[in-house]
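Spelled out from the first residue to the last, the chains are:
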Amino acid sequence: MKQPSVELRLPILPNMELIATQTAEVISRHMNLTDDQGAEISMALIEACINAFEHSKAENNVFINFLIEDDSLVIKVIDQGIGFDKTKVEIPKIENKIGKDERKRGWGLQLIQELMDSVEFESNGEGTTVTMKKNIKH
Amino acid sequence: MKQPSVELRLPILPNMELIATQTAEVISRHMNLTDDQGAEISMALIEACINAFEHSKAENNVFINFLIEDDSLVIKVIDQGIGFDKTKVEIPKIENKIGKDERKRGWGLQLIQELMDSVEFESNGEGTTVTMKKNIKH
Amino acid sequence: MSDFITNVKENNSIVIIETNGYLNNVGGEAVSTLVYEKMAQGNTKFLINMAGTKIVNSIGVSILIEIIEKLQEVNGKIGYYNLAPIVAKTFNIMGLTKYSTVHETEEAAVNEL
Amino acid sequence: MSDFITNVKENNSIVIIETNGYLNNVGGEAVSTLVYEKMAQGNTKFLINMAGTKIVNSIGVSILIEIIEKLQEVNGKIGYYNLAPIVAKTFNIMGLTKYSTVHETEEAAVNEL
Ligand SMILES: Nc1ncnc2c1ncn2[C@@H]1O[C@H](COP(=O)(O)OP(=O)(O)O)[C@@H](O)[C@H]1O
Ligand SMILES: Nc1ncnc2c1ncn2[C@@H]1O[C@H](COP(=O)(O)OP(=O)(O)O)[C@@H](O)[C@H]1O
């Protein structure tokens, strides 16, 4: 049988990432994930959504797909914006930020990577797809 | 400018209507609706979703569109199921149910109609679209 | 006890059921199973404290109608308190308030039932 | 007061800010505006009671990093208590815990800051 999936199309408006997190919470409960796992997924999802909203320069609509697998939840956050080169993004360090001129921002990708079990970026001039996965321990 | 919209595609699984209600709540807050209006929209949405899940006999996927208008929120709940003839659905009365053989169910359409400002049904052998609207008092 | 029913106690020979979360088919059946067990033991008066239930569906509420019907056969009664506004409104639209009672607080409910 | 800040009080010359809801850019700016006002009045010690904040984003938290930096200039301090696990985890990943402190309760926070 085909694995069930949930799809969202969100407009680029303040706080619309909360639709994604609320959806993730309903799905996490359906999958019997722990509260901690659910919260980690929500946090990673917020960061992927606000990146798509803020940086992609997409005209409108961010797409989010949730794939409910037997042993994992796979989430794709898709924008049709300008894309970016992940290898050029520096790993943030608070020591380089506090008391220095460096911009205090730049934590989103780092958080996604720390909170999810695997993360992949596909990005080019037509947009970005972030695919992130949380494994389920049975 | 095009009015913003949110789209959901939900699998037919227990409690997936809660994704729709959670989405409605985020949108209601975005539109500055009152808590009561938000709760009425959520309740109507639950009923439309569980009808699509339970009665449509659709194989999978129910679609929900939220259209954020200046003076209203319009919600469409769409299934690709067997359809039904709304004129043949009796208006439920508790007096006819309690102490009688009549099935205790049959309240969903009634609730939707009471809780929303306008409701339309389009239904045929290819499915059902329920369009419901909540007006915003400025 | 189910997830939906978080506490059961008796006050003045009234069975008081405390619920939490979504009153859907599963929640409704948890309540009806409990009520029918207690009826078999001779109880006829029931109250539901719905403070934790902010959301219901018509399937869950129609199970309360089944309970009302069964209670009529033994001259029993059911009432509710701490209802969220949308839950009270739903009970009104469905007409439950013609055959069962809504109260403000536990104290009022126990006195009035 | 903003929707995000629900209470401000002083305990032992520490300014205690109670928050509610999503710590995003708007919530972060509400906190920084308040902290900078209080710093202008001479306050240097701050605590945030985050019991009502179950969800944050990195934009909101980066505004806390700005506050930490400003407080360093006056030998000030900031701490937090009643953190949800995911908020504590986020503060750890971002390294805030190297420059500011997480406490269990208000009492502990006031004693330890
Ligand atoms: N969806 C995206 N589209 C375009 N650029 C992106 C996208 N996601 C991330 N980026 C780029 O990667 C950088 C780092 O992102 P992130 O770690 O989330 O931190 P921040 O958003 O605070 O800058 C961003 O500043 C941006 O240049
Ligand atoms: N989306 C739908 N597809 C097919 N039939 C439907 C749909 N929605 C409602 N119906 C029909 O209308 C009837 C009344 O629905 P409703 O008032 O919601 O009560 P209930 O779901 O409890 O029967 C249903 O029993 C069903 O026959």
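Keep in mind that what you see is a predicted model, and the values were worked out from it rather than measured. (Residues numbered from 1 in each chain as written. Chains lettered and ligands numbered in written order. Predicted model: local features only at pLDDT ≥ 70, side-chain atom pairs only at ≥ 80, totals over all residues. Heavy atoms only, no water.)

A word on the side chain of Asn24(C). When you line up the elements, Asn24(C) lands in the loop between β2 (14–20) and α1 (25–40). Of the residues examined, Asn24(C) reaches a relative accessible area of 6% and is grouped as buried. A distance of 3.0 Å separates polar atoms of two side chains, one belonging to Asn24(C) and the other to Asn15(B). When neighbours within four sequence positions are excluded, Asn24(C) is seen to be in contact with Asn15(B), Asn57(C) and Gly60(C). (Helix = DSSP H or I, 4+ residues; strand = E, 2+ residues; numbered from the N terminus. Buried < 20%, exposed > 50% of the residue type's maximum accessible area, 1.4 Å probe, protein only. Polar contact = N/O pair within 3.5 Å; in protein donor to acceptor, adjacent residues only side chain to side chain. Contact = heavy atoms within 4.5 Å.)

We now examine empty space enclosed by the protein. Here the idea is plain: a probe the size of a water molecule rolls over the atoms and shows the empty space left. Residue and element names in this part refer to chain D. Under the definition given, this model contains one cavity of 30 Å³ or more. Considering only enclosed or pocket space, the largest cavity measures out at about 30 Å³ in volume. Around the largest cavity sit Phe4, Thr19, Leu23, Val31, Ile48, Met50 and Leu64, which together line it. Considering only residue class, the lining of the largest cavity consists of six nonpolar, one polar and no charged. (1 Å grid on protein atoms, 1.4 Å probe; cavity = no way out; pocket = protein on both sides within 12 Å on 5 of 7 lines; lining within 4 Å. Points joined across faces, edges and corners; volume = space filled by probe spheres on them. Nonpolar A, V, L, I, M, F, W, Y, C, P; charged D, E, K, R; others polar.)

Turning our eyes to something else, we now look at the site of ligand 1. Residue and element names in this part refer to chain A. Asn51, His55, Asp79, Gly106 and Leu109 are the nearest of the 15 residues found near ligand 1. For ligand 1, a nitrogen atom lies 2.9 Å from a polar atom in the side chain of aspartate 79. Leucine 109 places a main-chain nitrogen or oxygen 2.9 Å from an oxygen atom of ligand 1. Protein coverage of the free-state accessible area of ligand 1, which is 530 Å², stands at 87%. Here the shell around ligand 1 is composed, by residue class, of five nonpolar, seven polar and three charged. (Near = heavy atom within 4 Å. Areas by Shrake-Rupley, 256 points an atom, 1.4 Å probe, with all protein chains shown as cover.)

Right, let's talk about the interface of chain A and chain D for a bit. Every contact between the two is made by 26 residues of chain A and, on the other side, 23 residues of chain D. Carbon and sulfur atoms make up 70% of the surface buried where chain A meets chain D, a total of about 2100 Å² over both sides. Area buried by chain A at its contact with chain D is led by Ile94(A), Ile98(A) and Lys104(A), which between them contribute 28% of it. Put simply, chain A and chain D have three salt bridges between them. For Lys89(D), the salt bridge is made with Glu40(A), and the minimal N-O distance between the two is 2.8 Å. The interface formed by chain A and chain D holds seven residue pairs in polar contact (both at pLDDT 80 or more) in total. Secondary-structure elements contributing two or more residues to the side of chain A that touches chain D are α1 (17–30), α2 (35–55) and α3 (108–115) of chain A. (Buried area = accessible area lost by both parts, 1.4 Å probe. Salt bridge = Lys/Arg side-chain N within 4 Å of Asp/Glu carboxyl O.)

Residues and elements named next belong to chain B. Around ligand 2 lies a shell of 15 residues, among which Asn51, His55, Asp79, Gly106 and Leu109 are the nearest. Residue histidine 55 places a side-chain N or O atom 2.6 Å away from an oxygen atom belonging to ligand 2. Between ligand 2 and the protein, one listed contact pairs an oxygen atom with a backbone N or O atom of glycine 106 at 2.8 Å.

Before going further, it helps to spend a moment on the relation of the copies chain A and chain B. Laying chain A over chain B is done by rotating through 180 degrees and shifting 0.0 Å along the axis; what remains is an RMSD of 0.0 Å. Taken together, the rotation and translation describe the operation of a two-fold axis. Minimal C-alpha distance to the rotation axis in chain A is attained by Leu8(A), lying at 2.3 Å. Taken as a fraction of all interface residues of chain A, those also at the interface in chain B reach 100%, which identifies the copy contact as same-surface. (Least-squares fit on C-alpha atoms with pLDDT ≥ 70 in both.)

What follows covers the interface of chain A and chain B. Counting residues at the interface gives 20 residues for chain A and 20 residues for chain B. Summing the contributions of chain A and of chain B, the shared interface buries around 1800 Å²; its carbon and sulfur component is 65%. Of all residues in chain A, Arg9(A), Ile19(A) and Val26(A) give up the largest surface area on contact with chain B, accounting jointly for 30% of the area buried on that side. Linking chain A to chain B there are two salt bridges. In this structure, Glu7(A) and Arg9(B) form a salt bridge, with 2.6 Å as the shortest nitrogen-oxygen distance. Along the contact surface separating chain A from chain B lie four residue pairs in polar contact (both at pLDDT 80 or more).

With that out of the way, let us pick up the pattern of salt bridges. This structure, assessed with the given rule, holds 18 salt bridges over all chains. Between Lys9(D) and Glu106(D) there is a salt bridge; the shortest N-O distance is 3.1 Å. Within this pair, whereas Lys9(D) is found in strand β1 (residues 5–11), its partner Glu106(D) is found in helix α4 (residues 106–112), the two being separated by 97 residues in sequence. Here the salt bridges share partners, and the residues they tie into one network are Glu40(A), Lys134(A) and Lys89(D).

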